[in-house]
Amino acid sequence: MARDPLAALARLRRLQTDLARHRLAEQSTRLAAAEHRSATAAEALQAEQAAGPPADYAAWLTRGLAERDRAARGLGLAEARAAEARAGLTLVRTAERALEELRAQHAAAAAKQGARRAERMLDDLVGGRQARP
């Protein structure tokens, strides 16, 4: 039996889609963690400011601002990576759907060819019987 190259390609596309979904889930988890870190850093600054200036507030403020900025950069990076993962999933799903359409077209063409073959066989059968009186 001949191997169907489109079936092999379909399996590859499914694996790529699964991998892209896994990457998106991983990046979404990282994005949620980055959002949490960013919110926590901003809340810490507000809480410390509301508590009033302690003696070492200037030293703490420098560290707090640096942490907030670091968390904001991490959040931006996580957002970019999540967007890339979404785009990657969209790309592989598009390729997978295109392959599904191609397979459907091939199946329709094969069915049409089979119907023509059956019609020819019937015509030959009917033609052969009519030729013999």
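Here is what the cut-offs are and how they apply
- Residues numbered from 1 in each chain as written.
- Predicted model: local features only at pLDDT ≥ 70, side-chain atom pairs only at ≥ 80, totals over all residues.
- Heavy atoms only, no water.
- Helix = DSSP H or I, 4+ residues; strand = E, 2+ residues; numbered from the N terminus.
- Rg over C-alpha atoms; globule rule 2.2 N^0.38 Å.
- Buried < 20%, exposed > 50% of the residue type's maximum accessible area, 1.4 Å probe, protein only.
- Salt bridge = Lys/Arg side-chain N within 4 Å of Asp/Glu carboxyl O.
- Contact = heavy atoms within 4.5 Å.
- Patch = residues over 30% accessible without salt bridge, like charges linked within 9 Å, V, L, I, M, F, W, Y side chains within 5 Å.
- Areas by Shrake-Rupley, 256 points an atom, 1.4 Å probe, with all protein chains shown as cover.
- Lys, Arg positive; Asp, Glu negative; His and termini not counted.
- Charge placed at Lys NZ, Arg CZ, Asp CG, Glu CD.

(A) Up close: the overall build of the chain. Counting its secondary structure elements, the chain contains two helices and zero strands. In terms of overall size, the chain is more extended than a compact globule, its C-alpha atoms giving a radius of gyration of 32 Å where 133 residues would be expected to give roughly 14 Å. Taken along the three principal axes of its C-alpha coordinates, the chain extends 120 × 25 × 15 Å. Considering the chain as a whole, with its 133 residues, one finds that 17% of them fall into the buried category.

(B) Representation of the pattern of salt bridges. Taken as a whole and judged by the stated rule, the model has five salt bridges. Across the pair Glu26 and Arg30 runs a salt bridge, and its minimum N-O distance is 3.6 Å. Of this pair, Glu26 and Arg30 both sit in helix α1 (residues 5-51), separated by four residues, roughly a single helical turn. A relative accessible area of 32% places Glu26 in the partly exposed class. Residue Arg93 is joined to Glu96 by a salt bridge in which the shortest nitrogen-to-oxygen separation is 2.2 Å. Separated by three residues within a single helix, Arg93 and Glu96 lie in helix α2 (residues 57-131), roughly one turn from each other. You can call Glu96 buried: its relative accessible area is 9%.

(C) Expanded view of the side chain of Gln27. Here Gln27 is to be found in helix α1. A residue is classified by how much of its surface remains accessible, and Gln27, at 11% relative accessible area, is buried. Excluding its chain neighbours within four sequence positions, the residues that come into contact with Gln27 are Arg81, Ala82 and Ala85.

(D) Inspection of a positive patch on the surface at higher detail. Together, Arg3, Arg11, Arg14 and Arg103 line one region of the surface with positive charge. Inspection of the secondary structure assignment puts Arg3 in the segment before α1. Residue classification places Arg3 among the exposed residues on the basis of a relative accessible area of 75%.

(E) Up close: the environment of Gln46. Note on placement: Gln46 falls in helix α1. Linking Gln46 and Gly64, residues 18 residues apart in sequence, is a C-alpha distance of 10.0 Å.

(F) A look at the environment of Ala87. When you line up the elements, Ala87 lands in helix α2. Among the residues examined, Ala87 registers a relative accessible area of 45% and is labelled partly exposed. Along the sequence, Ala87 and Arg103 sit 16 residues apart, while their C-alpha atoms lie 24 Å from each other.

(G) Inspection of a nonpolar patch on the surface at higher detail. Judged by side-chain polarity, Leu122, Leu125 and Val126 come together as a nonpolar surface patch covering roughly 280 Å² of accessible area. Position of Leu125 relative to the elements: it lies in helix α2. Since its relative accessible area comes to 46%, Leu125 is described here as partly exposed.

On their own, these measurements won't tell you what the molecule is for.
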